[in-house]
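# Geometric and topological summary
Here's the letter readout for the chains.
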Amino acid sequence: MKKELVQDSQLVSNYINGNENALSILIERHKQRIYSFIYSKVYDRDVTEDIFQDTFIKVIRTLKRGKYNEEGKFLPWVMRIAHNLVIDHFRKNKRMPKFDNTGEFSIFSVLSDSSLNAEKTIIKDQVESDVRRIIEELPEDQKQVLLMRMYQDMSFKEISERTGVSINTALGRMRYALINMRKVIDQNNIILTN
């Protein structure tokens, strides 16, 4: 007799509808991958255990509050929670670089820190990946100005000349690009800096 594998999405639904055992199955199914991911970042079994438990406490709270957005992507969602908790751990232990943002929204400061050890390099790589993904979601005109300003180090005058718009329009597009990036970061609980 062949045993059918119940999909993650069905188990999540079962758990939300009161079947506590469904969560146990999900944890058992994915624990090795999640645990290994956390351990590969912190290299400490006790810390890994703590973060693993905190990850599922957050999963349970989110599911019980009805805040889980079902897209059939349970494992990537849990991995993102674990990733954010790893970063929180480093931040709490002051093991991440400090950045002086002077109240300004400057996620790009993390990209230019040259004093990175292996741990910080992993975090920096993840931040760069997150920033690239967020930039890709911007409207084309905002994305163009932001890339010219932040990655090509162009002045707004140069951007204005290259794009054929006024300096004020270029400034406005940059402003809206940053506002839109903030919205995406807030909506997805993405942690980019301290």
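In this text, all values refer to a predicted model and were calculated from it rather than measured experimentally. (Residues numbered from 1 in each chain as written. Predicted model: local features only at pLDDT ≥ 70, side-chain atom pairs only at ≥ 80, totals over all residues. Heavy atoms only, no water.)

### Observations regarding the environment of N188
With respect to the element layout, N188 can be found in the segment after α8 (167-187). With 108 residues separating them in the primary sequence, N188 and R80 have C-alpha atoms 9.7 Å apart. (Helix = DSSP H or I, 4+ residues; strand = E, 2+ residues; numbered from the N terminus.)

### Things to note about the packing of aromatic side chains
Counted according to the given criterion, the structure contains six aromatic pairs. When the ring of Y68 is compared with that of W77, the centres are 4.5 Å apart and the planes differ by 50°; the resulting orientation is tilted. Since its relative accessible area comes to 11%, Y68 is described here as buried. In textbook terms, an aromatic cluster arises when at least three aromatic residues are bridged by ring pairs, as seen for Y35, F52 and F56. Here the guanidinium or amino end of R45 rests over the ring plane of Y39, the centre of that ring lying 4.9 Å away. Just above the ring of Y176 sits the side chain of R175; from NZ or CZ to the centre is 5.4 Å. (Phe/Tyr/Trp six-rings, centres within 6.5 Å; stacked < 30°, edge-to-face > 60°. Buried < 20%, exposed > 50% of the residue type's maximum accessible area, 1.4 Å probe, protein only. Lys NZ or Arg CZ within 6 Å of the ring centre and 35° of its normal.)

### A word on the confidence of the model for the protein chain
Looking at the protein chain, the pLDDT average stands at 80 and 80% of residues meet or exceed 70. Mean pLDDT values over the elements of the protein chain span from 77, in helix α5 (residues 118-136), up to 91, in helix α3 (residues 45-64). Predicted confidence is poor over residues 96-106, with pLDDT under 50, and the contacts of this stretch with residues over four places away or in other chains come to 20 contacts. (pLDDT = per-residue confidence, 0-100. Contact = heavy atoms within 4.5 Å.)

### Looking at α8
Relative to the 30 Å expected for 21 residues at 1.5 Å per residue, α8 spans 30 Å between its end C-alpha atoms, a close match to the ideal helical length. Within α8, burial applies to A170, R173, M174, A177, L178, M181, V184 and I185. Across the axial projection of α8, the buried residues extend over an arc of 135°, all falling on one side. Opposite the packed face of α8, turned more than 90 degrees from it, sit the exposed residues N168, R175, D186 and Q187. (Expected span 1.5 Å × (residues − 1). Arc of directions from axis to C-beta.)

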